[in-house]
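These are the residues of each chain, in order.
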Amino acid sequence: LKNRQVILRARPVGIPQASDFELRDGSIPDVAHDQILVRNRVLSVDPAMRIWLGMPGGYVEPIALGSVIRSFAVGEVVRSRHSDFLPGDKVVGLFGWQEFAAVDPKSILWKIPSEEFPLSYSLGVLGINGIAAYLGMTLICRPRAGETVVVSTGAGAVGSGAGQIAGILGARVVGIAGGPEKCRRCMEDFGFHAAVDYKAGASIDDALSQAAPGGVDAYFDNTAGEISDAVRRHLNVGARIALCGTSGVAGWSPWPHGERVERHLLNKRALMQGFVVTDHVERYSEALERLGQWVRDGNLTCSEHVLRGIDRAPEAIAYLYEGRNHGKLLIEVG
Ligand SMILES: NC(=O)c1ccc[n+]([C@@H]2O[C@H](COP(=O)([O-])OP(=O)(O)OC[C@H]3O[C@@H](n4cnc5c(N)ncnc54)[C@H](OP(=O)(O)O)[C@@H]3O)[C@@H](O)[C@H]2O)c1
């Protein structure tokens, strides 16, 4: 048996392309004392991986050239030399873009408690994406019933979750997304009250005046950049901004210049707070419990975009930055 792995061949310049990666036939790793051998079933593709691949502006060590691509994945324990894990356990963790990983228990984020939901949900709506949506919305945006919440990348994995959670909490939700099809999904699939197509060629500002005539009480920001410049002009007094991602900024070297935010924040006594989901491990079980209940009740739905086969991985990150993914982007391992 071989272990197909995706390796970093070259440091990407701009959006990571297939040519930056290489597929390699590795061997099944030995399992040291206290380690667990996981067979990956589904691999995650996340915008943050662009930073992990060495784009300037990040806060974690970039992946070394020639090593396996760091990623979240869900898989099955096939061998265990640790008493907390048994063969057959389904686990989520940082297992990398490869078929088999021998990992220490600290690489395992959680064990999936039941087979109630598809395994892939543990990388999306019931995974880091759903938890990010839940924490950003409940800790920072904190919408009250009747308030207006705007979410950028509203049709994406995190954005669709954040918007639906705002809706569950009683807010009026406006999604911002690229193209008419994604805007349709925001309204029909995710139940948002309005959607703004930032690629329509019209002014985002005017579209927001129409979509959020009473102003914006909270903004779940996945893009930064020009989209967020437009949203800030519509803030109400006391607004909260959860800064989750910066997908709308092309690069951080040289550090980009843009509209200054201070006067908006001061005039509107607004709070803008960045957050990183992995700082809140102690809240994961609470988040997963509530997210699971909403999925079970039919109040929280997700969409997935699955590429089949690990050989599709090298082209996958570009999908995210070209907006070609419809929902949570995943790679099903053959
Ligand atoms: N802070 C945290 O702890 C945390 C955790 C997880 C994720 N995140 C962040 O959450 C954001 C969403 O992640 P996700 O996994 O849910 O990805 P996603 O939204 O499913 O996919 C990425 C989307 O970004 C949009 N996009 C790409 N280039 C863009 C541009 N130039 N301007 C505006 N939008 C652009 C595209 O949507 P359109 O087609 O609509 O443009 C694309 O589909 C990312 O910024 C990610 O880094 C943060």
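Within every chain, residues take consecutive numbers counted from 1 along the sequence as written. For this predicted model, a pLDDT threshold of at least 70 governs which residues receive local features, and a threshold of 80 or more governs which side-chain atom pairs are given and counted, while totals over whole chains, interfaces and linings are taken from all residues. Values shown for side chains rest on all heavy atoms present in the structure; no hydrogens or waters enter the calculation.

Remarks on the overall build of the chain
Inference 1: Here a strand is any run of E in DSSP of at least two residues, a helix any run of H or I of at least four, and the numbering for each starts at the N terminus. Looking only at helices and strands, one finds nine helices and 15 strands in the chain.
Inference 2: Dimensions of the chain, computed from C-alpha atoms along their principal axes, come out at roughly 60 × 45 × 35 Å.
Inference 3: The cut-offs for exposure are 20% and 50% of the maximum accessible area for each residue type, with area from a 1.4 Å probe on protein chains only; residues under the lower value are buried, those over the upper are exposed, and the others partly exposed. For the chain, the residues scored as buried account for 50% of the 334 residues in total.
Inference 4: Taking the contacts inside the chain whose residues are at least 6 apart along the sequence as the reference set, 65% of them involve residues at least 24 apart.
Inference 5: Residue burial considers only the protein chains on display, and all accessible areas are found by Shrake-Rupley using a 1.4 Å probe. Surface exposure of the chain reaches about 14,900 Å², of which carbon and sulfur atoms provide 50%.
Inference 6: Seen as two clouds, the 35 positive and the 37 negative side-chain charges of the chain have centres 2 Å apart. Residue contacts are counted whenever heavy atoms from the two residues lie within 4.5 Å of one another. Only four residue types enter the tally: Lys and Arg on the positive side, Asp and Glu on the negative side; His and the chain ends are excluded. For charged residues, the charge sits on one atom: NZ in Lys, CZ in Arg, CG in Asp, CD in Glu.

Comments concerning the environment of Gly 327
Inference 1: By the element assignment, Gly 327 lies in the loop between α9 (316-321) and β15 (328-332).
Inference 2: Considering only alpha carbons, one finds Gly 327 and Arg 185, 142 residues apart in sequence, at a separation of 9.8 Å.
Inference 3: Dropping the residues within four chain positions of it, Gly 327 is found in contact with Ala 155, Ser 303 and His 305.

So, the site of the ligand
Inference 1: Lining the immediate surroundings of the ligand are 26 residues, of which Val 158, Lys 182, Tyr 198, Val 277 and Asn 325 lie closest.
Inference 2: Whenever a nitrogen or oxygen atom comes within 3.5 Å of another N or O atom, the pair is scored as a polar contact, on the condition that within protein one atom can donate a hydrogen and the other can accept it, and that pairs from neighbouring residues in sequence are kept only if both atoms are in side chains. Here Val 158 contributes a backbone N or O atom positioned 2.7 Å from an oxygen atom of the ligand.
Inference 3: Contact between the ligand and Gly 178: an oxygen atom at 2.8 Å from a main-chain N or O atom of the residue.
Inference 4: Mapped onto the shell around the ligand, the elements with two or more residues apiece are α2 (128-141), α3 (157-168) and α9.
Inference 5: Residues of the shell around the ligand, tallied by class, amount to 13 nonpolar, twelve polar and one charged. We define proximity as follows: a residue is near a molecule or strand when any one of its heavy atoms falls within 4 Å of that partner. Any residue outside Ala, Val, Leu, Ile, Met, Phe, Trp, Tyr, Cys, Pro, Asp, Glu, Lys and Arg is labelled polar, Gly included; the first ten of those are nonpolar and the last four are charged.

Quick notes on the packing of helix α5 (residues 204-211) against helix α6 (residues 225-232)
Inference 1: Relative orientation of the contacting elements α5 and α6 amounts to 45°, with a least axis distance of 9 Å. With respect to their mutual orientation, α5 and α6 come out oblique. When you trace α5 past α6, the crossing you get is right-handed. Here Ile 204, Asp 205 and Leu 208 of α5 lie close against α6, whose contacting residues are Ile 227, Ala 230 and Val 231.
Inference 2: Classifying every residue of the contact of α5 with α6 by side-chain character gives five nonpolar, no polar and one charged. Structural elements are reduced to axes, namely lines fitted to C-alpha atoms, with helices fitted over the stretch in contact, and the angle between N-to-C directions of any two is expressed from 0 to 180 degrees. With respect to orientation, any angle under 35 degrees is reported as roughly parallel, any angle over 145 as roughly antiparallel, any angle of 65 to 115 as roughly perpendicular, and every other angle as oblique. A crossing counts as left-handed when the near helix is turned anticlockwise from the far one by less than a right angle, and as right-handed when that turn is clockwise.

Let's talk about α6
Inference 1: Along α6, six of the eight residues are buried, which leaves the element largely enclosed by surrounding structure.
Inference 2: Listed in full, the buried residues belonging to α6 are Ile 227, Ser 228, Asp 229, Ala 230, Val 231 and Arg 232.

Comments concerning unusual backbone geometry
Inference 1: Between Ser 253 and Pro 254 the backbone carries a cis peptide bond, its omega angle lying at 0°.
Inference 2: By the element assignment, Pro 254 lies in the loop between β12 (235-243) and α7 (262-267).
Inference 3: We note that Thr 153 has phi near 45°; this positive angle belongs to a residue other than glycine.
Inference 4: For Thr 153, the location among the structural elements is in the loop between β8 (148-152) and α3.
Inference 5: With a relative accessible area of 29%, Thr 153 lands in the partly exposed category.

Everything listed here is a matter of geometry and, on its own, says nothing about what the molecule does.
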